[in-house]
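# Commentary on secondary and tertiary structure
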Amino acid sequence: MPLIDGCIHPYPAGDSSLRRMAIEARELGFDQVVAAGGTGDVPGVLRANIITASSVKEVVSALQGIPRGAGVVMVNAGDLAFNRGVIGLRGVRVLRGIHRTPAGAFNRVAAREAEAKGVAVELDFSPLVEGRGLPRQKVIARYRELLRLHRHYHFPLTIASNARSILTQKSVRDMVLLASLFGMAEEEVTAALSSLDSVLAGRSPVQVVKA
């Protein structure tokens, strides 16, 4: 299974070209990257179709404008009702930005539904890299809770650097070390970095069973 950085943001959202970031990702140990914006003819790049909406109805409307199979459809998370509604939509593959939502926005009910639908939840590592102090500690606590739910309900996880420059891209080993901050084991990191291939194919990723 390929190791995939779940999302990067090349120029113009960031300050490095897509081709340069794709090359950097390969040098850092990744087989593929998901990139916000067009992919052109750059090998090893999947397109990220990121939807930001205030209602499930708006997400449905946005989905109608995305051709089937055109990359990875991601939706920015909201409150619990919004997230549960989004998880049930055909074509949605990743729920992102859970760490920016209110407490309780992703609970055990949403976790069971995400597992049943094969919708992945993204762990955005950019606040772990760039954050400091209390805000960073809050993200770590939120990810610890997501990991607890994942271990119990087995919904897919993805990991994304959300880098906007080659200077903030991280290696696979860096991600293992960052994940250890909230108790994620190396084999769980590898599984999360490999899960998107199965999620896109509509299959349940292989689960890591901890003794």
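In case you missed it, the structure is sitting above this.
It should be emphasised that the depicted structure is a prediction, and the values quoted were computed from it without experimental measurement.

### With respect to unusual backbone geometry
Each neighbour pair has its own omega, and for Tyr11 with Pro12 the value is 15°, a cis peptide bond. Among the secondary structure elements, Pro12 is positioned in the loop between strand E1 (4-8) and helix H1 (18-27). In this structure, His154 takes a positive phi of about 65° despite not being glycine. For His154, the location among the structural elements is in the loop between helix H6 (133-153) and strand E7 (157-160).

### Brief notes about the side chain of His9
Tracing the sequence through the fold places His9 in the loop between E1 and H1. The class of His9 is buried, set by a relative accessible area of 6%. Side chain to side chain, His9 and Asn162 meet in a polar contact 2.7 Å long. Aside from chain neighbours lying at most four places away, what touches His9 is Gly14, Met21, Ala36, Ile50, Arg96, Asn162, Ala163 and Arg164.

### Observations regarding helix H8 (residues 186-200)
Remark: the principal bend of H8, roughly 40°, maps to Ser194. What H8 keeps buried is the set Glu188, Val189, Ala192, Leu193, Ser194, Ser195, Leu196, Ser198 and Val199.

### Some points on the sheet that holds strand E3 (residues 45-51)
Strand order in this open sheet of seven strands is E1-E2-E3-E4-E5-E6-E7, and the pairing throughout is parallel. Of all strands in the sheet, those with a lone pairing partner are E1 and E7, marking the two edges. Within the sheet, the average angular offset between the axes of one strand and its neighbour, ignoring direction, is 30°. Judged from the four bridges that link them, strand E6 (residues 120-124) and E7 form a sheet pairing that is parallel.

### Concerning helix H4 (residues 108-117)
Within the span of H4, buried status applies to Ala110, Ala111 and Ala114. Looking straight down H4, one finds its buried side chains confined to an arc of 105°; they lie on one side. Away from the buried face of H4 by more than 90 degrees, exposed residues Arg108 and Ala116 are located. Buried-residue contacts for H4 involve helix H3 (80-87) and H6. At the C-terminal side of H4, Gly118 shows a positive phi close to 70°.

### Remarks on the layout of surface pockets
Roughly 380 Å³ of volume is contained in the largest pocket. Around the largest pocket sit 14 residues that line it, and Arg68, Gly69, Val73, Gly91 and Arg93 are the ones nearest its centre. Of the residues assigned to the lining of the largest pocket, the class counts are eight nonpolar, three polar and three charged.

The rules behind each value
- Residues numbered from 1 in each chain as written.
- Predicted model: local features only at pLDDT ≥ 70, side-chain atom pairs only at ≥ 80, totals over all residues.
- Heavy atoms only, no water.
- Helix = DSSP H or I, 4+ residues; strand = E, 2+ residues; numbered from the N terminus.
- Buried < 20%, exposed > 50% of the residue type's maximum accessible area, 1.4 Å probe, protein only.
- Polar contact = N/O pair within 3.5 Å; in protein donor to acceptor, adjacent residues only side chain to side chain.
- Contact = heavy atoms within 4.5 Å.
- Bend = angle between axes of the 7 residues up to and from the residue.
- Pairing = 2+ DSSP bridges.
- Axes fitted to C-alpha atoms, helices over the stretch in contact; angles between N-to-C directions.
- Arc of directions from axis to C-beta.
- 1 Å grid on protein atoms, 1.4 Å probe; cavity = no way out; pocket = protein on both sides within 12 Å on 5 of 7 lines; lining within 4 Å.
- Points joined across faces, edges and corners; volume = space filled by probe spheres on them.
- Nonpolar A, V, L, I, M, F, W, Y, C, P; charged D, E, K, R; others polar.

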